[in-house]
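These are the residues of each chain, in order.
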Amino acid sequence: MSGPGAVEVRRSARRRRTVSAYRDGDRTIVLIPARMSAAEEQRWVAVMLEKLAAQESRRMPGDDELAARAQRLSEQYLHGRAVPDTVRWVTNQNSRWGSCTPAEGSIRLSHRLRGMPEYVIDYVLLHELAHLLVPGHGPRFWKLLESYPRTERARGYLEGVDAVDRLPDPQRDLDGARGE
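First, a word on scope: everything that follows refers to the structure included in this document.

A word on the packing of aromatic side chains
In the structure shown here, the tally under the stated rule is three aromatic pairs. Considering the side-chain rings of Tyr77 and Tyr148, the 5.2 Å spacing of their centres and the 85° angle between planes classify their relative orientation as edge-to-face. With a gap of 71 residues between them, Tyr77 in helix H2 (residues 63–78) and Tyr148 in the loop between helix H4 (139–145) and helix H5 (151–166) connect regions that are remote in the sequence. Neither Tyr77 nor Tyr148 differs from the other in exposure class; each is buried. Measuring from centroid to centroid gives 5.0 Å for Phe141 and Trp142, while their planes differ by 85°, and the two rings are edge-to-face. Seen from the ring of Tyr119, Arg153 lies directly overhead, with NZ or CZ sitting 4.7 Å from the centre.

Laid out in structure tokens, this is it:
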């Protein structure tokens, strides 16, 4: 991941010693004890961002592994007919999960997929591979994806993530009302 989106620090009077962090969509939530100084907060935010980035880089394939995965999926589900020239992660796609330019043979997957279940990443990759064979989303296109057994499950997962991203955030709304 090239860097986190917004970082939200949540202080808790019940939290005594521990600091933890997690990703929530494009945001990073860092949980700290309420008594922590501003300097300690700043140091811990940096430490936790580094830890999360290290975990994500260990968990997620790089561009070369993504290209090998694309080849494997093409062979398994598309009889090897979809052969991209490039397959890579990108950080400039915040409203799409992936994109394909058939004329260039290029496939790009959004960094937002990192950390999602493998079957979801495979579905998006297969979806973009299918676009190398059929540009639009007509019946011929969807016919190509019928052989992937987790198409509907993956689509449901992605729709759920999109829905959560559109929900109001009570904490953000509360902070905004206080002028923070």
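Some thoughts on the nonpolar core
Judged by nonpolar contacts, the single largest core of 31 residues is most densely connected at Ile107, Leu109, Leu113, Leu125, Leu126, Leu129 and Leu158. The element best represented in this core is helix H3 (residues 118–133), accounting for ten residues. With sequence-adjacent residues up to four places away left out, Ile107 is seen in contact with Pro84, Thr86, Val87, Arg88, Ser99, Cys100, Leu125, Glu128, Leu129 and Leu132.

Calculation rules
- Residues numbered from 1 in each chain as written.
- Predicted model: local features only at pLDDT ≥ 70, side-chain atom pairs only at ≥ 80, totals over all residues.
- Heavy atoms only, no water.
- Phe/Tyr/Trp six-rings, centres within 6.5 Å; stacked < 30°, edge-to-face > 60°.
- Helix = DSSP H or I, 4+ residues; strand = E, 2+ residues; numbered from the N terminus.
- Buried < 20%, exposed > 50% of the residue type's maximum accessible area, 1.4 Å probe, protein only.
- Lys NZ or Arg CZ within 6 Å of the ring centre and 35° of its normal.
- Core = buried A, V, L, I, M, F, W, Y, C linked by side-chain atoms within 4.5 Å.
- Contact = heavy atoms within 4.5 Å.

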